[in-house]
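Structural description and commentary
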Amino acid sequence: MYKTISILFLLVWFHQNLRASLADSLQSERMEEVEVKAYSPRTLSDDRNGRLYWNMESLADMPHVLGSADPLRSLQLLPGVATNNDYTSGIHIQGCAASQSILNMDGTPIFNASHLLGLFSVFNASHFRGMSLVKNRHDAAFSNRLGGEVSFYPTDSIARKVHLDATVSFMESEGTLTLPTGEHSTLYLSGRGSYLNLLYGNLLEIDEMQLRYGLQDYNLTFVQQAGAHDKIRLSLYHGQDRMNLLQEDFADENKLNWQNTAAALHWQHHSSRFILQQNATFSRYRNTLDMGISSVSLNLSSGITQAGYAARLEWTRGNLQWNGGVEYNYYHFRPMQFEVSGSFIENETPKFREDAHEANAYLQADISLRPSWSVLGGLRLSSYHSHGHSFISPDPRITLHYHPSSSHTLSVHYGLYHQYLHQMSVSNGGLPVDYWTSSSPSVRPQQAHSIALGYHFRSQKRMMEISAEVYYKKLSHQHEYSGSILDFFTQVYHIENNMIHGKGYNYGLNLMLKKNRGKLSGWVSYAIGSSRRRFPELSPTEWFNSRQSHGAAASRDRRTSAPQRRVCIQRTNRRNAMLQTVIKPNSYQDSINLMLLTNKINTLDGVIQSQIMMGTDANKDIYKAAGLLTDEAAAANPSDMVIVVESDDAAILDTVLAETEAFLADLSVKKEAAGGPAEATSWEEAIAQLPDANMALFSIPGEYAAPELERALDLGLNVFSFTDNVPLEDEVRLKQKAHEKGLLFMGPDCGTG
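Quantities reported herein were computed from a predicted structural model and do not represent experimental measurements.

Basis of the calculations
Residues numbered from 1 in each chain as written. Predicted model: local features only at pLDDT ≥ 70, side-chain atom pairs only at ≥ 80, totals over all residues. Heavy atoms only, no water. Phe/Tyr/Trp six-rings, centres within 6.5 Å; stacked < 30°, edge-to-face > 60°. Helix = DSSP H or I, 4+ residues; strand = E, 2+ residues; numbered from the N terminus. Buried < 20%, exposed > 50% of the residue type's maximum accessible area, 1.4 Å probe, protein only. Pairing = 2+ DSSP bridges. Salt bridge = Lys/Arg side-chain N within 4 Å of Asp/Glu carboxyl O. Core = buried A, V, L, I, M, F, W, Y, C linked by side-chain atoms within 4.5 Å. Contact = heavy atoms within 4.5 Å.

Moving on to the packing of aromatic side chains. Summed over the entire model, instances satisfying the criterion amount to 18 aromatic pairs. Between Trp54 and Trp523, the ring centres sit 5.7 Å apart and the planes meet at 85 degrees, which makes this aromatic pair edge-to-face. Here Trp54, found in strand β2 (residues 52-55), pairs with Trp523, found in strand β31 (residues 522-534); they are 469 residues apart in sequence, far enough to count as distant. By relative accessible area, which is 1% here, Trp54 ends up buried.

Now the structure itself:
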């Protein structure tokens, strides 16, 4: 609680510090130097390109701040991610400033992601299914930024029943309501609000000063499954903070308000030949500071608005996986506007506005050169127009992967990056009065040459993972705000006169050891890094060093020590009998193994009948025919393992789960004892392990099957497909292709062969 109060009273400090400065004849203070801030630097999964994906359901096991687990705070447990201090907003990724990384909410950029001066973020965890982090090794689709990318994905599954998820903490509450609106559509509504003034109002009054603060967040996501191949999603967000400070003895009232509004409309169409995604986005950020100090009043305001459209196409041809896209963004800037009035001072900036247009196009290919080598290479071409001037930047990006075995991956990356948006920091206290401005002839686009070397080890059963990355970034056209907030009072203010320009570089090492299974699971990470900047206006030769950061973090994921599951119990027509349901999300098993497991469970004392299958629509029909389709089973996803047991013993579930875990563990032991190739996680790894293979066997959900079946044919493999529910047009096309290539195509729906 002390930490929260101290954060709130930063505004008091800011106010008193400004008063003392004004008392000193209201003379402007010349800064001798610019502080270059310290930009150094699960469950959790990753891919070969370094993208980390975090399931939001596991966030409850992360460290809490006043009863609430915040996504951005949890990201700091990962190597290479940090905040500058407890009182600043945003995150710093591998030495880059917060403004040099992009935070996306369902594809829409958020320009200030903080509540309460950085203690909370604007991302309500209960509304999102996951978040991803890319620190480096970006592909050509990555936005025009120099740092990393954090993306939040809203829940977009089609729900079968109404559900409410709510959390109450010491200072704020949040909740998400799931409303099925039809057989193929769902509405998700989330809200969050604080009650700091109600519970702790007395603590916020000191020496005739009254401090009041409140935050609010509202999210809406509507999902419509428009046929077998199309999905439409609408996302809306609005959040705001209001902070008031009243000092009665001087009749001073100070107000600080900031707010974000965002919207996104997505349409995805997928077929066996390609995937097309189209997005329209809107984002707006505004902040206002009103200060009354004796006879002097000050109003500061700034903002930025973005509206954009993007289209992305993915397709496979031969051993090449292609994707390309086009993007357009319109930006409207309101750089720092201020108005000062009082008994002896008047000062005001002209109503200055900036408009900018950004157009991007990119094309890239993922190429399998040989069994152990692959390369992801592409080109991003961007054009930015503002102030009557255009900037055109071709940015090549390439990543080379080497797989000496299925357990080891080495990656080398080079990329050129440009950024056309700049954020100027007015205060060092984390107050949201910083402003965004555009590139112009005098404020050149930022540029970075980035090199990274990565290594990833994954044990055969994925019990352990080790990752390491060395990075270096050479930065040019770096811009900093060089003035003081007192400049607004005492001089004619021009934005460009208060900026300095320089260059710099970041380098560092990120290490992480991750244990995925067992009673104790989690990870330990370590990062060491440094960033240096030089500004000739301050000193032609001196480098400003951020403090070098050595960080280590450890986390324990308690969920993995027990099966992840959702449990439902309901009565049946049999006297005293109950249907008990367990859902194990994202826990795929072969249908034959599950059939054997079901037979074993049915032999247990107390079990009337049971069924264990994946949550596909076809399997749900089987559950229904057997009288075992519960509401929870009906809402399961195709990738979920569904366990339904009919019994008159309420405690039977513990026995069933113990037998299930023992059966699955025994399968793993038998597989290991049998020897043979290790588990592969990509086509490249599978071909590398079995270069002489001539057949691929499939048992995956039908909606995802066609592209993978075609990939096997393109690799010259015969196909044996257990998979069913493959669209008829895809089946015809793929069998024609197999005939042309002289290959066998058995299935879909081969049964047990």
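If you walk across this open sheet you meet the three strands as β38-β39-β40, and the pairing is parallel. Because the sheet does not close on itself, it has two edges, and the strands there are β38 (695-698) and β40 (745-746). In this structure, β38 lies alongside strand β39 (residues 718-721), joined through four bridges in parallel fashion. Along β39, the bridge assignment pairs Met695 with Asn718.

Looking now at the pattern of salt bridges. Between side chains of opposite charge, pairing is possible as soon as their charged atoms come close. Taken as a whole and assessed by the stated rule, the structure comprises 18 salt bridges. The residue Glu710 makes a salt bridge to Arg733 at a minimum N-O spacing of 3.1 Å. With Glu710 in helix α11 (residues 705-714) and Arg733 in helix α12 (residues 728-741), the pair connects residues that are 23 residues apart, well separated along the chain. Considered together, Glu710 and Arg733 belong to a single accessibility category, that of buried residues.

In this section: the nonpolar core. In this structure, Phe111, Tyr213, Ile304, Tyr331, Phe333, Tyr384 and Leu421 are the most contacted members of the largest nonpolar core, which totals 41 residues. Beyond its immediate chain neighbours, meaning those up to four positions away, Phe333 contacts Gly303, Ile304, Phe352, Arg353, Glu354, Ala356, Tyr384, Leu421, Trp436, Thr437 and Ser438. Core analysis: the second largest hydrophobic core is formed by 29 residues, Leu44, Leu72, Leu103 and Met131 among them.

On to the sheet that holds strand β9 (residues 128-134). Pairing within the open sheet is mixed, and its six strands lie in the order β1-β2-β9-β10-β5-β6. Among the strands making up the open sheet, the edge pair consists of β1 (44-46) and β6 (108-109). Note: strand β5 (residues 102-105) against β6, two bridges, orientation antiparallel. Counted as the bridge partner of Asn104 is Pro109 from β6.

With that settled, the discussion passes to the pairing of strand β13 (residues 185-194). Two faces, one strand: in a regular strand the side chains alternate between the faces of the sheet. Of all 10 residues making up β13, seven are buried, and the element is well covered by its neighbours. Two strands pair when backbone bridges link them, and strand β12 (residues 172-182) and β13 are joined in this way by 10 bridges, in the antiparallel orientation. Following the sheet pairing, Thr178 is matched in β13 by Tyr188. Between β12 and β13, which pair antiparallel in sequence order, lie two residues. Of the pairings in the sheet, the one linking β13 to strand β15 (residues 209-225) comprises nine bridges and is antiparallel in character.

For strand β19 (residues 296-317) and strand β20 (residues 320-341), the ladder comprises 20 bridges, and the chain directions are antiparallel. Across the sheet, residue Glu314 finds its bridge partner in β20, namely Asn323. Turn length for the β19-β20 hairpin, with the two strands adjacent in sequence and antiparallel, is two residues, and the turn residue Gly318 shows positive phi of about 65 degrees.

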